[in-house]
Amino acid sequence: MRTILKLALLFALPTAILLSCSEPKEPKSFKPGQLWPDNNGKHINAHGGGILFHEGSYYWFGEHKIEGEAGNLAQVGVHCYSSKNLYDWKDEGIALPVVTGDPDHDIAKGCILERPKVIYNAKTKKFVMWFHLEWPGQGYATARSGVATSDKVTGPYTFVKSVRPNKGQWPNNVSEKMKTGGVPERVASMKFTGGEVPEHPDSLNLLARDFEVGQMARDMNLFVDDDGKGYHIYSSEENSTLHISLLTDDFLDYEGAYVREFPGRFMEAPALFKRKGKYYLIASGCTGWRPNAARSAVADNILGPWRELKNPCVGEGSDLTFKSQSTYVLPVNGKEDAFVYLGDRWTPENAIDGRYIWLPLTFEGEQPVLKWADSWDLNFFDKK
Ligand code: DGJ
């Protein structure tokens with residue numbers, strides 16, 4: 001019996017090795033819109049996310065969603081994944097959990113916690129997370145920014161505070177009229193549900209309305225410049241206008257310098273990046289969970305002035321950003337002029353099923369260009 005076993009092993013083992021070697025391995029690729037299994041075979045759960053590259057690894061932070069419509073509220077927290085190659089992602093667990101058992105906590109279970117982003121502060125050696133926060137039970141009315149920190153990239157992150165940006169500060173580019181003209185009386189009784197502004201926002205002077213309490217901040221992103229300065233970009237003034245704010249050296253607060261850009265253009269989902277010394281922005285319009293046509297813009301200085309360019313999307317599906325909404329633009333480490341557009345294809349009726357639309361971003365002159373691909377890989381950037 002033993003000899004038979006030995007003989008079987010003798011033949012089986014090399015055959016298995018031979019077979020596994022000869023099995024053609026499918027080359028790694030991105031498949032926008034398809035399920036994207038993590039190391040445990042589960043669809044990645046990091047929506048509205050962003051990526052931090054740190055010490056040779058990528059870390060993807062995003063909203064952990066649950067099934068059904070309940071998943072549109074924060075029931076769990078911010079999920080973190082890590083990767084060396086951008087295709088294969090390891091589940092690193094919940095980096096910032098929502099708080100259970102204290103309904104009055106800023107990030108109590110059931111709050112809205114969206115678009116978390118993490119940056120590394122080289123001075124304090126802390127990882128700093130910012131996110132769009134809405135206190136529980138108030139819809140999208142509170143429009144706050146949450147801050148959390150950790151000594152370890154994957155967390156756990158400790159909640160620090162939530163704020164309304166730039167309380168008592170005028171932006172660098174405020175007009176004299178907005179600064180001194182006051183707020184029209186009708187504004188006090190106006191109800192802004194979901195952020196609609198019925199008139200041109202500058203005539204309502206929402207900036208002055210919020211001067212004492214701090215400005216609104218909803219969809220957001222972070223950006224760290226080559227000089228180590230950190231910036232927060234967010235939809236403000238009832239979503240009508242983007243603000244870009246310089247952060248303090250520790251990235252935990254607002255330094256005081258900020259600008260308002262694209263007034264009345266209702267841009268959401270801002271993703272800021274730098275290429276060849278210029279600053280670029282990809283953003284969306286403002287249509288809730290439904291996709292719309294993307295926007296793009298360029299600036300020589302991050303604090304403006306910014307100049308709006310065209311819809312970066314080209315070809316079939318370009319009017320709806322290939323059914324996605326921007327969440328981040330990722331520079332690929334080690335590749336020249338290689339940027340990846342990261343978008344969400346939301347499924348609010350079953351939030352957990354949201355898909356990821358990652359596409360290579362190219363340029364025609366200074367115009368960012370996005371084209372659909374069913375499947376693509378990072379070699380794309382070598383062939384450009
Ligand atoms: C669009 C935003 O981009 C999302 O982050 C989310 O806030 C939805 N609106 C909610 O309708």
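Just so it is clear, the model here is predicted, and its values are computed rather than measured.

Reading the values: the criteria
Residues numbered from 1 in each chain as written. Predicted model: local features only at pLDDT ≥ 70, side-chain atom pairs only at ≥ 80, totals over all residues. Heavy atoms only, no water. Salt bridge = Lys/Arg side-chain N within 4 Å of Asp/Glu carboxyl O. Helix = DSSP H or I, 4+ residues; strand = E, 2+ residues; numbered from the N terminus. Buried < 20%, exposed > 50% of the residue type's maximum accessible area, 1.4 Å probe, protein only. Pairing = 2+ DSSP bridges. Axes fitted to C-alpha atoms, helices over the stretch in contact; angles between N-to-C directions. Near = heavy atom within 4 Å. Polar contact = N/O pair within 3.5 Å; in protein donor to acceptor, adjacent residues only side chain to side chain. Areas by Shrake-Rupley, 256 points an atom, 1.4 Å probe, with all protein chains shown as cover. Nonpolar A, V, L, I, M, F, W, Y, C, P; charged D, E, K, R; others polar. Phe/Tyr/Trp six-rings, centres within 6.5 Å; stacked < 30°, edge-to-face > 60°. 1 Å grid on protein atoms, 1.4 Å probe; cavity = no way out; pocket = protein on both sides within 12 Å on 5 of 7 lines; lining within 4 Å. Points joined across faces, edges and corners; volume = space filled by probe spheres on them. Core = buried A, V, L, I, M, F, W, Y, C linked by side-chain atoms within 4.5 Å. Contact = heavy atoms within 4.5 Å.

Trainee: Mind showing me how you'd approach the pattern of salt bridges here?
Mentor: Pairing of side chains with opposite charge becomes possible as their charged atoms draw close. A complete count under the given rule lists 25 salt bridges for this structure. One salt bridge in this structure joins Asp88 and Lys28, with 3.0 Å as the shortest N-O distance. In this pair, Asp88 sits in the loop between strand 3 (77–83) and strand 4 (90–97) while Lys28 sits in the loop between helix 1 (2–22) and strand 1 (47–54), placing the two residues 60 residues apart along the sequence. Judged by relative accessible area, which is 38%, Asp88 ranks as partly exposed.

Trainee: I keep staring at the sheet that holds strand 8 (residues 158–163) and nothing clicks. Help me out?
Mentor: Hydrogen bonds along the backbone pair up the strands of a sheet, which may run parallel or antiparallel. If you walk across this open sheet you meet the four strands as 5-6-7-8, and the pairing is antiparallel. Two strands bound the open sheet, and with one partner strand each, they are strand 5 (112–121) and strand 8. Strand after strand, the sheet turns through a mean of 25° between neighbouring axes, direction not considered. The pairing of strand 6 (residues 126–134) with strand 7 (residues 144–150) spans seven bridges and is classified as antiparallel. Among the inter-strand pairings, Val128 is bridged to a residue of strand 7, identified as Thr149.

Trainee: Please explain the site of the ligand as it appears in this structure.
Mentor: Taken together, Glu114, Arg115, Tyr140, Asp219, Glu268, Gly288, Trp289 and Gln325 form the complete shell of residues around the ligand. The side chain of Asp219 places a nitrogen or oxygen atom 2.4 Å from an oxygen atom of the ligand. Across the complex, the protein chains shield 91% of the 290 Å² of accessible surface that the ligand would expose by itself. Along the lines of polarity and charge, the residues of the shell around the ligand split into two nonpolar, two polar and four charged.

Trainee: Looking at this model, I keep getting lost on the packing of aromatic side chains. Mind explaining?
Mentor: The geometry of an aromatic ring pair is captured by two quantities: the separation of the ring centres and the angle between the planes. Following the criterion strictly, the structure yields 30 aromatic pairs and no others. Ring centres of Phe30 and Trp358 lie 5.7 Å apart, and the angle between their planes is 35°; on these two criteria the pair is classed as tilted. With Phe30 in the loop between helix 1 and strand 1 and Trp358 in strand 20 (residues 355–364), the pair connects residues that are 328 residues apart, well separated along the chain. Accessibility classification places Phe30 together with Trp358 in one group, the buried group. On the basis of an interplanar angle of 75° and a centroid distance of 6.3 Å, the ring pair of Phe339 and Phe363 is categorised as edge-to-face.

Trainee: Honestly, empty space enclosed by the protein in this entry has me stumped. Any pointers?
Mentor: Gaps between atoms show up when a probe of the same size as a water molecule is rolled over them. Scanning the entire structure with this criterion turns up three cavities of 30 Å³ or more. Estimated volume of the largest cavity: approximately 70 Å³. Around the largest cavity, the lining residues are Glu63, His64, Lys65, Gly71, Asn72, Leu73, Ala74, Gly77, Val78, Leu113 and Glu114. Elements supplying a minimum of two residues to the lining of the largest cavity: strand 3 and strand 5. Residues that form the lining of the largest cavity fall into these classes: four nonpolar, four polar and three charged. Approximately 40 Å³ is the volume found for the second largest cavity. Secondary structure elements with two or more residues in the lining of the second largest cavity: strand 1, strand 19 (339–345) and strand 20.

Trainee: Can you walk me through the nonpolar core in this structure?
Mentor: One broad rule of soluble globular proteins: the nonpolar side chains tend to lie buried together. Among the nonpolar cores identified, the biggest contains 40 residues, and Ile51, Trp60, Leu86, Trp89 and Trp358 are the most heavily contacted of them. Sorting the residues of this core by element identifies strand 2 (57–63), strand 13 (268–275), strand 14 (278–284), strand 18 (325–331), strand 19 and strand 20 as the ones contributing at least two each. Not counting residues up to four positions away in its chain, the partners in contact with Trp60 are Trp36, Ile44, Ala46, Gly49, Gly50, Ile51, His79, Cys80, Tyr81, Trp89, Tyr356 and Trp358. Formed by 20 residues, the second largest nonpolar core is a distinct cluster that contains Tyr59, Val98, Phe127 and Val153.

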